[in-house]
Amino acid sequence: TDRSGTPVPAYYVTTPVFYVNSLPHIGHVYSAVVADCSHRYKILQGVNSRFATGTDEHGLKIQQAAATTGKDPLTFCTEVSNRFRHVFRRCGISYTDYVRTTEDRHRQAVEQFWTVLVNNGFIYRGSYEGWYSVPDESFLTETQVVDSTDSLGRAIKTSTESGHKVEWMKEDNYLFRLSDLRHKLQHWLRSNPHVIQPEKFYYIVLQWLESDLPDLSVSRQKSRLQWGIGVPGDPEQTVYVWLDALVNYLTVAGYPEQHSRWWSVVHHVVGKDILKFHAIYWPAFLLAAELPLPQAIHVHSHWTVQGKKMSKSLGNVVDPLETSLKFTVDGLRYFLLRQGVPDTDCDYDDDKVVKLCNSELADALGGLLNRCTAPSLNPEQVYPQFCNTSFPKEPEEFNGRAVLEDYKMVEAVLRLPALAKENFEKLHAYKALEAISGCVRMTNGFIQRHAPWKLNCRKTEDKLWYDTVLHVSMECLRIYGILLQPAVPSLADKILSRLGVGPGERSWDHALDFLSRYEGRDCPYERRALGPNTGLLFSRLERKNVQEK
Ligand code: ME8
C-alpha cells in the first residue's frame, strides 16, 4: 500500500530463460528490451513492477555443449550466463531478478512443484517411445517429423517445425496427464480471448488443441541425462528440462513460500518458437498444480538476417555488444522497438538502423531539441513564457498569431499520452514510438512555419510570440521526453535534463499537464533555467563507418 493506505497495483513481467549453449544475440536482446520497456512504463505509471530474466542451464543440449568445451557443466553455464547478464546490463535491461536454473532456490521450487503434481495425481510411470529433438529439447509425434537428408546425404528425420534432426527414443520415464487437461485448456482460452497476444497466435493455439494431446514425458533416464534436477524420490530419473525451465517464473515469484502477490500478475514475453511450451504445457502444469494461470502471454516474431533466422550454424548472428557500440544503446533499442512488430518477422540490417536513427533521433528529435535550447535561439537559457494572446486556446479569440496547423499539432500532442499508454499497455512499443515520431515531425513543422529566428525581438509583440513558439515547442519536447523513457531511457534523460525537468517531474502524470498555460494554469517550468548543455542529443551515424566495421 502507499502512504494513504491505497493498495499499489503490482505487475510482473518475464522473458524466457535463455539457453546457455549459444551466446546472446539481438533476438534475445529484443525479448529483453520489450519486457524492459513494459517494466519501465509500469514504473512511470506508479505500479510496483518486477521484471525477471535469466538463463536455462539444464538439459541434454547444454550437457553436450559443455562436454565439447571440455569444461565441467556448471563452469560452462556460469561463463555463458555471465555473458547474458553483461549484455543485458550494457543494453539498459533493468531487470529486478536474474534467475539461473542451476540455483538452489530453483531446484527447491522444481522439487516442490513436482511433488504437488504427483500428489494431485497428474504424474504416472510409463514408457515413452517416439521422436526427440535435442536442439529443441522436445518430444515429437509422427506427424511432426519428416524425411530428410543430412549434409552427408544420409537419410534422417527432422522436425517439421524447427527443421532440427530428431532421434528415436525409447525409455521408461514419468508421464504427465496432459490429455486430461485438453478441455480445461480450451475453456481457459475461450473465456480469456485476449490472453495470448497477438490474436494470430491465440488461434494457432486453439487449433493445436483441436487435435489430440498425448500425455507428455516429463523426465529422462539418468543414464541419458545427468545434467538436471533429480526426480524427487527416484535416483534413476532427471526432470525434463522444459518442466524445469518453466518453473523459473514461479521461483522468482517466491514459490513455494510467498508467491501469490506476484504470481497473480504475471505476464510472459516469449518468441513464437516456444509458443506451445508457454501456451499449452505451462498452463497445463499450472492447472495441475492448482495455481493461477498467466495474465497474458505476449508472443513476438523473429528477427531474421537477409530473410533467414539468426543461427549459430548459419553464422548470421548479430552481436548486441558490437551493435550497441556502433549505434549506441539507445540507437539499438530504438531500432528494435520501433521496427519490431509482433505479428511478422523483421529483417535486421545495419543500413536500416543508420537510416532510422539518423532521421528520427539525430535529425528530428535532436534538431528539435537544438532549435529550442541552442544559445543562439535561446540566449537566456530558460524555459520562456507563454503568451495567451498570441496563442489563444480557441483560434478565433484575440486574433492570435497561431494558425490552424498549430492547433492540430496541439490536439495531437494532447492526445499523445493516452495513445502511447494504450500501446505500451499492450507491449506495442512500435505503435507508441510511431505516434511520438509523428508528433515530433509536427513540432518541427511548427517551428519551421513560424521561423522564430526571423522575428524582431525588439518589438514587444514579436518577443512575446517568439517566447511562445519556444515555449510550446519545449512543452512538446517535455512530453516526448517523458513518453520516450521506457524505450530509450538515456536519450529521454538527456532531453529532460536539458529542459530542466527534475527527477520528480518525469512520471507519466506529468505528461498529462501539457501546455498548462494554454489551459490558463501556471506553468511550473516557466522562466526556469535550462539544464547543462551536454552537446548533441544523438550524433548522426555514418553509413561508411558502419560498413567498414
Ligand atoms: O527456448 N528473434 O531458449 P533460447 C527474436 N530456454 N527473438 C529471438 C530470436 C530471434 N531471432 N532468437 C531467440 C529457449 N529469440 C528456452 C526457453 S523459457 C521457460 C525456456 C528469443 O535461448 C525469443 O524470446 O532458445 C525466443 O523465444 C527465445 O529467445 C529462445 O531462447
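Look up a bit, the structure's there.
To keep things clear, this report deals only with the structure shown in the data block.

**Some words on the pattern of salt bridges**
Link 1 in the chain: The final tally for this structure, using the stated rule, is 34 salt bridges.
Link 2 in the chain: Residues E380 and R527 are paired through a salt bridge, measuring 2.8 Å at the closest nitrogen-oxygen approach. In this pair, E380 sits in the loop between α13 (350-373) and α14 (404-425) while R527 sits in the loop between α17 (489-498) and α18 (543-548), placing the two residues 147 residues apart along the sequence.
Link 3 in the chain: On the basis of relative accessible area, E380 is assigned to the partly exposed category, the value being 45%.
Link 4 in the chain: D467 serves as the salt-bridge partner of K463, at 3.1 Å between the closest nitrogen and oxygen. Placement of the pair is K463 and D467 together in helix α16 (residues 460-484), with a separation of four residues, close to one helical turn.

**Examining the packing of aromatic side chains**
Link 1 in the chain: Here the structure, examined in full by the defined rule, presents 30 aromatic pairs.
Link 2 in the chain: Where Y202 meets Y203, the ring centres are 5.2 Å apart and the plane angle is 75 degrees; that geometry is what we call edge-to-face.
Link 3 in the chain: Seen from their ring centres, F335 and Y348 are 5.7 Å apart, and the 90 degrees between their planes marks the pair as edge-to-face. Placement of the pair is F335 in helix α12 (residues 329-339) and Y348 in strand β18 (residues 346-348), with a sequence separation of 13 residues.

**Digging into the sheet that holds strand β14 (residues 266-271)**
Link 1 in the chain: Pairing in this open sheet of six strands is parallel, and the strands run β3-β2-β1-β14-β15-β9 from one edge to the other. For this open sheet the edge positions go to β3 (97-100) and β9 (196-197), each flanked by a neighbour on one side alone.
Link 2 in the chain: Of the strand pairs in this sheet, strand β2 (residues 48-56) and β3 are connected by four bridges, and their pairing is parallel. Within β3, the position partnered with T55 by the bridge is R100.

**Section: the packing of α12 against helix α15 (residues 429-450)**
For any two helices packed against each other, one specifies the crossing angle of their axes together with the interaxial distance.
Link 1 in the chain: Two elements in contact, α12 and α15, have axes separated by 7 Å at closest approach and are oriented at 105 degrees. In terms of their interaxial angle, α12 and α15 are classed as roughly perpendicular. Taken together, the residues of α15 that come into contact with α12 (itself represented by Y334, L337 and R338) are A429, Y430, L433, E434 and S437.
Link 2 in the chain: Each residue belonging to the contact of α12 with α15 can be placed in one class, and the counts come to five nonpolar, one polar and two charged.

**Some details on the site of the ligand**
Link 1 in the chain: Taken together, 23 residues surround the ligand, and among them V17, S31, D56, D273 and W303 come closest.
Link 2 in the chain: In the model, a nitrogen atom of the ligand is placed 3.2 Å from a nitrogen or oxygen of the G27 main chain.
Link 3 in the chain: Within the complex, the protein chains bury 95% of what would otherwise be the 670 Å² of accessible surface of the ligand.
Link 4 in the chain: Mapped by element, the contributors of at least two residues to the shell around the ligand are β1 (10-19), α1 (26-44), α7 (241-246) and α8 (248-253).
Link 5 in the chain: It is β1 that contributes the most residues to the shell around the ligand, four residues altogether.
Link 6 in the chain: Among the residues making up the shell around the ligand, the classes are represented as eleven nonpolar, ten polar and two charged.

**Concerning helix α4 (residues 104-119)**
Link 1 in the chain: Compared with the 22 Å implied by 1.5 Å per residue over 16 residues, the 23 Å span of α4 between its first and last C-alpha is a close match.
Link 2 in the chain: Taken as a whole, α4 has its buried residues at H106, A109, V110, F113, W114, V116 and L117. End-on view of α4: buried residues confined to an arc of 160 degrees, all on one side of the axis.
Link 3 in the chain: Once α4 ends, the next one or two residues include G121, with phi positive near 80 degrees.

**Focus: helix α5 (residues 182-191)**
Link 1 in the chain: Taken residue by residue, α5 has L185, Q186, W188 and L189 as its buried positions. Along α5, the residues classed as buried sweep out an arc of 160 degrees about the axis, all on the same side. Across α5 from its buried face, at more than 90 degrees, point the exposed residues H183, K184 and H187.
Link 2 in the chain: Considering only its buried residues, α5 is in contact with β9, α6 (199-210), α10 (275-288) and β15 (296-300).

**Description of the pairing of strand β8 (residues 167-176)**
Link 1 in the chain: When strand β4 (residues 123-133) meets β8, the two strands line up antiparallel, connected through ten bridges. Note that in β8 the partner of S127 across the bridge is D172.
Link 2 in the chain: As paired strands, β8 and strand β10 (residues 216-217) are joined by two bridges and run antiparallel to one another. Paired with L175 across the strands is S217, a residue of β10.

**Examining the packing of α12 against α13**
Link 1 in the chain: Across the interface, α12 lies against α13 with an axial gap of 10 Å and an inter-helix angle of 100 degrees. Considering their axes alone, α12 and α13 lie roughly perpendicular with respect to each other. On the side of α12, the interface is formed by D330, G331, Y334, F335, R338 and Q339, while α13 contributes K352, V353, L356, C357, E360 and L361.
Link 2 in the chain: A breakdown of the residues in the contact of α12 with α13 according to their chemical character gives six nonpolar, two polar and four charged.

**Quick word on the sheet that holds β4**
Link 1 in the chain: Taken in spatial order, the four strands make up an open sheet running β5-β4-β8-β10, and their pairing is antiparallel. Only two strands of the sheet have a single neighbouring strand rather than two, namely β5 (138-140) and β10.
Link 2 in the chain: Two strands pair when backbone bridges link them, and β4 and β5 are joined in this way by three bridges, in the antiparallel orientation. Bridge pairing links W131 to L140 in β5.

Parameters at a glance
Residues numbered from 1 in each chain as written. Predicted model: local features only at pLDDT ≥ 70, side-chain atom pairs only at ≥ 80, totals over all residues. Heavy atoms only, no water. Salt bridge = Lys/Arg side-chain N within 4 Å of Asp/Glu carboxyl O. Helix = DSSP H or I, 4+ residues; strand = E, 2+ residues; numbered from the N terminus. Buried < 20%, exposed > 50% of the residue type's maximum accessible area, 1.4 Å probe, protein only. Phe/Tyr/Trp six-rings, centres within 6.5 Å; stacked < 30°, edge-to-face > 60°. Pairing = 2+ DSSP bridges. Axes fitted to C-alpha atoms, helices over the stretch in contact; angles between N-to-C directions. Parallel < 35°, antiparallel > 145°, perpendicular 65-115°, else oblique. Contact = heavy atoms within 4.5 Å. Nonpolar A, V, L, I, M, F, W, Y, C, P; charged D, E, K, R; others polar. Near = heavy atom within 4 Å. Polar contact = N/O pair within 3.5 Å; in protein donor to acceptor, adjacent residues only side chain to side chain. Areas by Shrake-Rupley, 256 points an atom, 1.4 Å probe, with all protein chains shown as cover. Expected span 1.5 Å × (residues − 1). Arc of directions from axis to C-beta.

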